[in-house]
Amino acid sequence: TMGLPRVQAVLGILRGIGPSELLDIGSGRGAFLWPLLDAMPWLPVTATDVLDGRVADIRRVAEGGVTTLTAVQADAADLPFADRSFDVVTLL
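Being a predicted model, the structure only gives us computed values, none of them experimental.

A. Inspection of the overall build of the protein chain at higher detail. Within the protein chain one finds 3 helices and 4 strands. In the protein chain, the order of α-helices and β-strands from amino to carboxyl end is α-β-α-β-α-β-β. In terms of overall size, the protein chain behaves like a compact globule, its C-alpha atoms giving a radius of gyration of 12 Å where 92 residues would be expected to give roughly 12 Å. The buried share of the protein chain, taken over its 92 residues, is 37%.

B. Broad picture of the pairing of strand E3 (residues 69–73). Relative to E3, strand E2 (residues 45–49) is paired through 5 bridges, and the arrangement is parallel. Across the sheet, Thr-48 pairs through a bridge with Val-72, a residue of E3.

C. Fine view of the pairing of E2. Counting buried positions over the 5 residues of E2 gives 5, a clear majority of the element. Across the two faces of E2 the burial is the same, with Val-45, Ala-47 and Asp-49 and Thr-46 and Thr-48 all buried. The pairing of strand E1 (residues 22–24) with E2 spans 3 bridges and is parallel. By the bridge assignment, Leu-23 is partnered in E2 with Thr-46. Each parallel crossover has a hand, and for E1 linked through helix H2 (residues 33–39) to E2 it is right-handed.

D. The nonpolar core, seen in detail. Core analysis: the biggest nonpolar cluster contains 18 residues, and Leu-14, Leu-22, Phe-32, Leu-33, Leu-36, Val-45 and Leu-69 have the highest contact counts within it. Secondary structure elements with two or more residues in this core: helix H1 (5–17), H2, E2, helix H3 (52–63) and E3. No other element matches H1, which puts 4 residues into this core. Residues contacting Leu-69, with those up to four places away along its chain left out, are Leu-33, Trp-34, Leu-37, Val-45, Ala-47, Ile-58, Val-61 and Ala-62.

E. Summary view of the pattern of salt bridges. As enumerated under the stated definition, the model contains 1 salt bridge in all. With a closest N to O distance of 2.2 Å, Arg-60 and Asp-57 form a salt bridge. One end of the pair is Arg-60 and the other is Asp-57, both in helix H3 and 3 residues apart, which spans about a single turn.

F. How the structure looks around the side chain of Thr-90. Inspection of the secondary structure puts Thr-90 in strand E4 (residues 88–90). Judged by its relative accessible area of 5%, Thr-90 falls in the buried class. Excluding anything up to four places from it in sequence, Thr-90 contacts Val-10, Leu-14, Leu-22, Leu-23, Asp-24, Ile-25 and Phe-32.

Here is what the cut-offs are and how they apply
Residues numbered from 1 in each chain as written. Predicted model: local features only at pLDDT ≥ 70, side-chain atom pairs only at ≥ 80, totals over all residues. Heavy atoms only, no water. Helix = DSSP H or I, 4+ residues; strand = E, 2+ residues; numbered from the N terminus. Rg over C-alpha atoms; globule rule 2.2 N^0.38 Å. Buried < 20%, exposed > 50% of the residue type's maximum accessible area, 1.4 Å probe, protein only. Pairing = 2+ DSSP bridges. Right-handed = clockwise from strand over helix to strand, strands pointing away. Core = buried A, V, L, I, M, F, W, Y, C linked by side-chain atoms within 4.5 Å. Contact = heavy atoms within 4.5 Å. Salt bridge = Lys/Arg side-chain N within 4 Å of Asp/Glu carboxyl O.

Scope: geometric values only; no functional claims are made or implied.
Encoded structure:
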């Protein structure tokens, strides 16, 4: 999915912003998440999804050695984070 125009566009914007902590809402199967982690392996990313199985998949990746990745099961309408916890939020 790295070649998807929307993924490339957002990655370009993120390179310009230089975030220090990113929240990805609705990470799903990782169409944006995996290219993000590949392009910015130093960036702490919290990935959320409402579905148990998708969160479990993301957690397995984190447990497999992607130390900058955290997975949280959450509904986009009711996120369990304090205000200003992240300097960038993505939702693709």
